[in-house]
Amino acid sequence: MSEVLVVVEQVDGTLKKVTLEMLTLARELGEPAAVVMGAPGTAASVADKLGQYGATRIYAAESEEIDGYLVSPKAAALAALVSQVQPAAVLLGATQEGKEIAGRVAVKLDNGLLTDISGLASDGTATQVVFAGSTIVTSKVTRGFPLATLRPNSLTPSPAEEAASPEVTPIEFTLDKSDTRARIVERVAEAKGARPELTEASVVVSGGRGVGSAENFTLVEELADLLGGAVGASRAATDSGFYPHQFQVGQTGKTVSPQLYIALGISGAIQHRAGMQTSKTIVAVNKDAEAPIFELADFGVIGDLFTVVPQTVEELRKRG
Amino acid sequence: MNIVVLVKQVPDSGAERTLRESDHTVDREVADNVINEMDDYAIEEALRLQEAHGGEVTVMTMGPQRAAESIRKALSMGPDKAVHIRDDALAGSCALATSAVLAAALRDLNPDLVLCGAEATDGRVQAVPHMLSERLGIAALTGARKLTVDGSTLTVERQTDEGYEVVVAQAPAVVSVWDTINEPRYPSFKGIMAAKKKPVTELSLADLGIEPSEVGAAGASSAVVDHRGRPPRSAGQKITDEGDGGAKLVEFLASEKFV
Ligand SMILES: Cc1cc2nc3c(=O)[nH]c(=O)nc-3n(C[C@H](O)[C@H](O)[C@H](O)COP(=O)(O)OP(=O)(O)OC[C@H]3O[C@@H](n4cnc5c(N)ncnc54)[C@H](O)[C@@H]3O)c2cc1C
């Protein structure tokens, strides 16, 4: 069986959920092999978990250059690996970096690129949900192998029936001068506290312009914390400075697809819906009975969020 | 510092967008076509750099005749001139072909800096800046929320899921920007009038030395096989708060086993 390469995304030794989704998908398409690119020691720190999800082999590119320059060295390593192993398909996360690596590899190998897919069949046909979720497209590459980026939260990851114990094989590749032009001099983590990562959370509570101020966002946070969820915001809320931009949900923000999405004081503009409408269950609180968010809400409360949310919080506390 | 800003005309993301039955390409005829919103921020950033460091700002777009409106709109914000790459054979081009065409035109202009929006609201491929970087052999600094220029040294703060990264490169480079980077200006009446007289150079594939068979639907490296509408979500239960809205909400959450 041919190998399906999965380009691993991880933060400090923890695999991103999209990586587990890709391994789950790869198991259906062929023999999953993980590609780990980062600082020395990265592959060892994630090997066990990759094995649990069925990775039979780990290809590793670990060096200061891989870690210290933007994207190019990773693309060089991946392109070299592809030429050596001739995989059946290559999967990356549809994250900023995943899309960028994929784009560079597509140019290097003159290979078609399938962006933001939500599924891939063994005949190479990919499914994509486009235009704010309104249209489903199926597509294929017409040159090369399926090189695809998977949209996070497209499928439910599951461990392999039988865990593998993957062997680590270093990738042989060379870098030229043009691969080390964009140097990363600093990485700054912005505090998000103990809350789950927005794109991975199973519950997301979002606030919009109706929340009114940065101080009032503590109400949104309180509800999120009681439900073990992440906090999101509409663009009106991030633009007004109520909440940091990295928590924006929507077309120009994050795409989330949690089990439960609660929208507080959000009207439901098409660009906001683009980022949340594949959520399993949607709840909305809005004082305007005509707000478009109600068109997709499984449960909607027409009312003032400043009375409804405190009562919700109180009721949840009572239940413990 | 000479800057080229890449601008794309896209169907308005706030309106309904559809694919054509015949060839599964975006129905750009029925859509309201606008400048990709993120590109306004790239234009603004270019103008600010020009104000600080001098040089020329050129707008470049690849698109059909209709894209000329978007070029005038872009010029009305303040750039000096524009390049419109236009050829019937380009319709249906994939990202790979688009980047090859843009790269050919950029090679001729040889700018110090190429600025563009971090993504287009239609395709959301987010890969074109890196494809250009790969083809031109220059640095790509992508996803910037801040850009500073000191001589030929470019420093950006690149937005990441975890926070941001500070990335440094020497010009020439491609930089893509998010809407957090600045607040774009509105064109003034004077700007709108001036834009009508600004030079727009039209380039065909022959001018760029590219074979028509390498681009467009014929040369595409990926193809849409089929498309269909996604069933719209139907609204569920809607209640009016009569003093018990919060309690009812919690009951719903409990019935769905969220609490
Ligand atoms: C190219 C482009 C990209 C965009 N990308 C995004 C994106 O990624 N994400 C995004 O969110 N938006 C995006 N937008 C903006 C989008 O069009 C809307 O402007 C935005 O989503 C509105 O945010 P909102 O719902 O918080 O604000 P509003 O539309 O102003 O809605 C506020 C809502 O709060 C309700 N409200 C007010 N007070 C209360 C109260 N006390 N109790 C209960 N309800 C109350 C009001 O009834 C109203 O419905 C984009 C726009 C463009 C053009």
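Note: the structure precedes this text.
Residues numbered from 1 in each chain as written. Chains lettered and ligands numbered in written order. Predicted model: local features only at pLDDT ≥ 70, side-chain atom pairs only at ≥ 80, totals over all residues. Heavy atoms only, no water.

What follows concerns the overall build of chain B. When its secondary structure is counted, chain B shows 7 helices and 13 strands. Oriented by its inertia axes, the alpha-carbon framework of chain B measures out at about 65 × 45 × 40 Å. Taken across its 259 residues, chain B has 51% of its residues classed as buried. Considering only contacts within chain B whose residues lie at least 6 apart along the sequence, 71% involve residues at least 24 apart. Accessible surface, chain B: about 11,300 Å² in total, of which carbon and sulfur atoms supply 49%. (Helix = DSSP H or I, 4+ residues; strand = E, 2+ residues; numbered from the N terminus. Buried < 20%, exposed > 50% of the residue type's maximum accessible area, 1.4 Å probe, protein only. Contact = heavy atoms within 4.5 Å. Areas by Shrake-Rupley, 256 points an atom, 1.4 Å probe, with all protein chains shown as cover.)

Time to look at the interface of chain B and chain A. Listed as interface residues are 82 residues of chain B and, on the opposing side, 85 residues of chain A. Applying the counting rule to chain B against chain A returns 6 salt bridges. Two residues, E100 of chain A and R158 of chain B, come together in a salt bridge whose shortest N-O distance is 3.1 Å. Examined bridge by bridge, strand β12 (residues 183-189) of chain A and strand β9 (residues 163-170) of chain B share 6 bridges and lie antiparallel to one another. Among the inter-strand pairings, I184 of chain A is bridged to a residue of β9 of chain B, identified as V167 of chain B. (Salt bridge = Lys/Arg side-chain N within 4 Å of Asp/Glu carboxyl O. Pairing = 2+ DSSP bridges.)

Inspection of the region around the ligand gives 27 residues, with R209, S234, S267, Q271 and N286 of chain A positioned closest. Per-site note: the chains with residues close to the ligand are chains A and B. G253 of chain A is positioned such that a nitrogen or oxygen atom in its backbone is 3.4 Å from an oxygen atom of the ligand. Those elements that provide at least two residues to the shell around the ligand are α7 (235-239), α8 (270-273) and α9 (305-319) of chain A. When the residues that make up the shell around the ligand are grouped by side-chain class, the tally is 6 nonpolar, 15 polar and 6 charged. (Near = heavy atom within 4 Å. Polar contact = N/O pair within 3.5 Å; in protein donor to acceptor, adjacent residues only side chain to side chain. Nonpolar A, V, L, I, M, F, W, Y, C, P; charged D, E, K, R; others polar.)

A word on the nonpolar core. Counting residues in hydrophobic clusters, the biggest one holds 90 residues, and the most contacted among them are L78 of chain A together with I85, L115 and L147 of chain B. Here this core gets 8 residues from one element, more than from any other, and that element is helix α3 (residues 95-109) of chain B. Setting aside anything within four residues of it in sequence, one finds L147 of chain B in contact with E45, L49, L113, L115, L154, T155, V156, V175 and I181 of chain B. In terms of nonpolar packing, the next biggest core, distinct from the first, is built from 50 residues, F242, L264, M276 and L305 of chain A among them. (Core = buried A, V, L, I, M, F, W, Y, C linked by side-chain atoms within 4.5 Å.)

Time to look at the sheet that holds strand β11 (residues 167-170) of chain A. Pairing is mixed in the open sheet, where 10 strands are placed in the order β11(A)-β5(A)-β4(A)-β1(A)-β6(A)-β10(A)-β7(A)-β8(A)-β9(A)-β12(B). The open sheet terminates on both sides in strands that have one partner only, identified here as β11 of chain A together with β12 (222-229) of chain B. For this sheet the average axis-to-axis angle between neighbouring strands, irrespective of direction, equals 35°. The sheet contact formed by strand β8 (residues 126-130) of chain A and strand β9 (residues 135-141) of chain A spans 5 bridges and is antiparallel. Bridge pairing in β9 of chain A places V129 of chain A opposite I136 of chain A. The sheet contacts of helix α1 (residues 17-29) of chain A involve β1 (3-7), β4 (31-38), β6 (89-93), β7 (114-120) and β10 (147-150) of chain A, and relative to β1 of chain A the element is tilted by about 175°. (Axes fitted to C-alpha atoms, helices over the stretch in contact; angles between N-to-C directions.)

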